[in-house]
Amino acid sequence: MNIIVVGGGGREHAIIKSLKKNKEIETIFALPGNGGMKDDAVLVNISATDIDGIVDFAVNNNIGFAVVAPDDPLVLGAVDALNAKGIPCFGPEKKAAIIEGSKVFSKNLMKKYGIPTAKYEVFDNAADALSYLETAPVPTVVKADGLALGKGVLICNTRDEAKNAVKTIMEDKVFGASGNSIVIEEFLTGPEVSVLSFTDGKTVVPMISSMDHKRARDNDEGLNTGGMGTVAPNPHYTKAVAEECMNKIFIPTIEAMNKEGRTFRGCLYFGLMITPDGPKVIEYNCRFGDPETQVVLPLLKTDLFEIMKAVSEERLSDINVEFSDEYACCVIMASDGYPQKYEKGFEIKVNDNFDAELFIAGAKEQDGKLLTNGGRVLGVTAVAGTLPEAVEKAYKEVENVSFDNAYYRSDIGKRALEALKEG
Ligand code: AMP
Ligand code: GLY
């Protein structure tokens, strides 16, 4: 069978490398992919948001299955458009992708169905939001309703900061129409855990938990990024927490979506905070996380394509999804300056003795060389029997990869190691 994977980052490279292990798959086309994937997939120069282009390509190239990985095409309805042409997909339909596409939707869903999350208010005009902020408790969190490349969440320590956030989002429209409505919510504290899950709307199977490192600089300083590294499993996600999440969050969310007529089939990502009052949902994503996927899939023992087909055919309960009991650490090598301004076009060199997983996110091929072409350039993932070994190995292998202007955090896994020590 020939399949397409829509998207072009490190997450998609990890998905493609996992899918390649399946013998039924002949060719994987990446739309658009990136130059660093060319040994693993056939690159097709169609943008991930060009829904008509994606559908035309799939119809004309005898595509038997599609994996739609990024948020934008899912929210735009790529799966609906492919399904309409008879092409089975892994990924939610538009009406279910709204769980990420609109924070107002997801907050109201959680309130209606009693799923634990931060208290919040919704505003569709700046004047009301500003007047609410006159007396609102701080710190507070201001969130644009729609997709904003992971930048639409502003943590505000003072009322003035919060008012500026409202003005930036609703008046200056820095996130465009995504800021037509906003959520202002209670500031929560506690360790964060990412849990990706497979679900077909009937069964929900959490994957191994992970910990993202969102800030650009060491010690969680600097700007928010898409993610600078990950470890799995997350030591804060104990058996007791996992059980509570299953009963109070995962199953209730799947059931709530069914009741709303928005059955979710695909990968539902739970961004959780383990607060003093128990686990709460910080955000839902309608897709695999990046770089979470770069530690989760290397630990998956079950065939990914078999799981994806089972999800799309609503028979996930037939599959025994198994993860290795090892640990993984992914260090993202970025272009210095990311997430703001950075230079690109530098050659990426990998030593012959490199011995880890390499997931390329922002690169292009030119004259037989691989050049940097994005903020997050690549992820180096090491798997080992213990977390300290996985972290040490990832950093050792990072030394085997080089490009000018490379930047990476030197403390990925540090907090997880401390948490393990504290037990
Ligand atoms: P998001 O883009 O929704 O993942 O949010 C980015 C980050 O902002 C999260 O990973 C949290 O660290 C933080 N955050 C979001 N909502 C809250 C909240 N209610 N309280 C504290 N931190 C939050
Ligand atoms: N790493 C966070 C996300 O994928 O949204």
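Residues numbered from 1 in each chain as written. Chains lettered and ligands numbered in written order. Predicted model: local features only at pLDDT ≥ 70, side-chain atom pairs only at ≥ 80, totals over all residues. Heavy atoms only, no water.

(A) Region of the structure containing the sheet that holds strand E17 (residues 278-285). An order of E11-E10-E16-E17 is seen for the four strands of this open sheet, with the pairing classed as antiparallel. Each of the sheet's edge strands pairs with one partner strand only, and the pair in question is strand E11 (204-206) and E17. The sheet shows a mean angle of 35 degrees between the axes of neighbouring strands, taken without regard to direction. The pairing of strand E10 (residues 192-199) with E11 spans three bridges and is antiparallel. Bridging across to E11, Thr199 finds its partner in Val204. Across the sheet, helix H9 (residues 239-259) lies against E10, E11, strand E16 (266-275) and E17, angled at about 130 degrees from E16, the strand it touches most. (Pairing = 2+ DSSP bridges. Helix = DSSP H or I, 4+ residues; strand = E, 2+ residues; numbered from the N terminus. Axes fitted to C-alpha atoms, helices over the stretch in contact; angles between N-to-C directions. Contact = heavy atoms within 4.5 Å.)

(B) Looking closely at the environment of Met1. Its location among the elements puts Met1 in the segment before strand E1 (2-7). In sequence terms Met1 and Ser335 are 334 residues apart; their C-alpha atoms lie 37 Å from each other. If near-sequence neighbours (up to four positions away) are discounted, Met1 is found in contact with Glu24, Ile25, Glu26, Thr27, Gly64, Phe65 and Phe305.

(C) Molecular detail of the packing of aromatic side chains. Tallying each qualifying case throughout the model produces nine aromatic pairs. Centre to centre, the rings of Phe65 and Phe305 are 5.2 Å apart; their planes meet at 90 degrees, and the pair counts as edge-to-face. Here Phe65, found in strand E4 (residues 63-68), pairs with Phe305, found in helix H11 (residues 304-312); they are 240 residues apart in sequence, far enough to count as distant. The burial state of Phe65 is the same as that of Phe305; both residues are buried. Here the aromatic rings of Phe123 and Tyr132 are separated by 5.2 Å at their centres, their planes lie at 45 degrees, and the arrangement is tilted. (Phe/Tyr/Trp six-rings, centres within 6.5 Å; stacked < 30°, edge-to-face > 60°. Buried < 20%, exposed > 50% of the residue type's maximum accessible area, 1.4 Å probe, protein only.)

(D) Broad picture of the site of ligand 2. Neighbouring residues of ligand 2: Asp212, Gly226, Tyr269, Asn285, Arg287, Gly289, Asp290, Pro291 and Glu292. The separation between a nitrogen atom of ligand 2 and a polar side-chain atom of Asp212 is 2.8 Å. Contact with the protein chains removes 89% of the 200 Å² of surface that ligand 2 exposes when unbound. Grouping the amino acids of the shell around ligand 2 by side-chain chemistry returns two nonpolar, three polar and four charged. (Near = heavy atom within 4 Å. Polar contact = N/O pair within 3.5 Å; in protein donor to acceptor, adjacent residues only side chain to side chain. Areas by Shrake-Rupley, 256 points an atom, 1.4 Å probe, with all protein chains shown as cover. Nonpolar A, V, L, I, M, F, W, Y, C, P; charged D, E, K, R; others polar.)

(E) Representation of the site of ligand 1. Near ligand 1 lie 15 residues; those nearest to it are Glu185, Glu186, Leu188, Glu192 and Glu283. Of all elements in the fold, only strand E7 (140-144), strand E8 (153-156), strand E9 (182-186) and E17 reach the threshold of two or more residues within the shell around ligand 1. Looking at the shell around ligand 1, its residues break down into eight nonpolar, no polar and seven charged.

(F) The arrangement of the layout of surface pockets in detail. As a volume, the second largest pocket reaches approximately 310 Å³. Gly35, Gly36, Asp39, Ile360 and Leu370 are the residues nearest the centre of the second largest pocket, which is lined by 15 residues in total. Broken down by secondary-structure element, the contributors of at least two residues to the lining of the second largest pocket are helix H1 (10-19), strand E20 (357-360) and strand E22 (369-372). The residue inventory of the lining of the second largest pocket, partitioned by class, reads five nonpolar, four polar and six charged. (1 Å grid on protein atoms, 1.4 Å probe; cavity = no way out; pocket = protein on both sides within 12 Å on 5 of 7 lines; lining within 4 Å. Points joined across faces, edges and corners; volume = space filled by probe spheres on them.)

(G) Highlighting helix H8 (residues 159-171). The first and last C-alpha atoms of H8 sit 17 Å apart over 13 residues, in line with the 18 Å expected at 1.5 Å per residue. Residues of H8 that are buried: Ala162, Lys163, Ala165, Val166, Ile169 and Met170. Seen end-on, H8 carries its buried residues on one side only, within an arc spanning 155 degrees. (Expected span 1.5 Å × (residues − 1). Arc of directions from axis to C-beta.)

(H) Focus on the sheet that holds strand E6 (residues 120-123). Taken in spatial order, the four strands line up as E6-E9-E7-E8 in an open sheet, and their pairing is antiparallel. Here the strands that pair on one side only, and so sit at the sheet edges, are E6 and E8. When strand polarity is set aside, the average angle formed by the axes of neighbouring strands in this sheet is 20 degrees. Alignment of E7 against E9, held across five bridges, turns out to be antiparallel. Bridging across to E9, Lys143 finds its partner in Val183.

(I) Summary view of the side chain of Asn400. Within the fold, Asn400 resides in the loop between helix H12 (387-398) and strand E24 (401-402). Beyond its immediate sequence surroundings of up to four residues, Asn400 is in contact with Lys349, Val350, Asn351, Asn353 and Phe354.

(J) Region of the structure containing the nonpolar core. Among the nonpolar cores identified, the biggest contains 47 residues, and Ile4, Leu82, Ile99, Phe250 and Leu272 are the most heavily contacted of them. Considering each element in turn, this core owes the most residues, seven residues, to H9. Excluding anything up to four places from it in sequence, Leu272 contacts Pro191, Glu192, Val193, Val195, Tyr237, Cys245, Ile249, Phe250, Lys280, Val281 and Ile282. Counting 39 residues, the second-largest nonpolar core is a separate cluster that includes Ala30, Ala41, Val67 and Ala232. (Core = buried A, V, L, I, M, F, W, Y, C linked by side-chain atoms within 4.5 Å.)

Without other data, these values stay purely geometric and don't point to any function.
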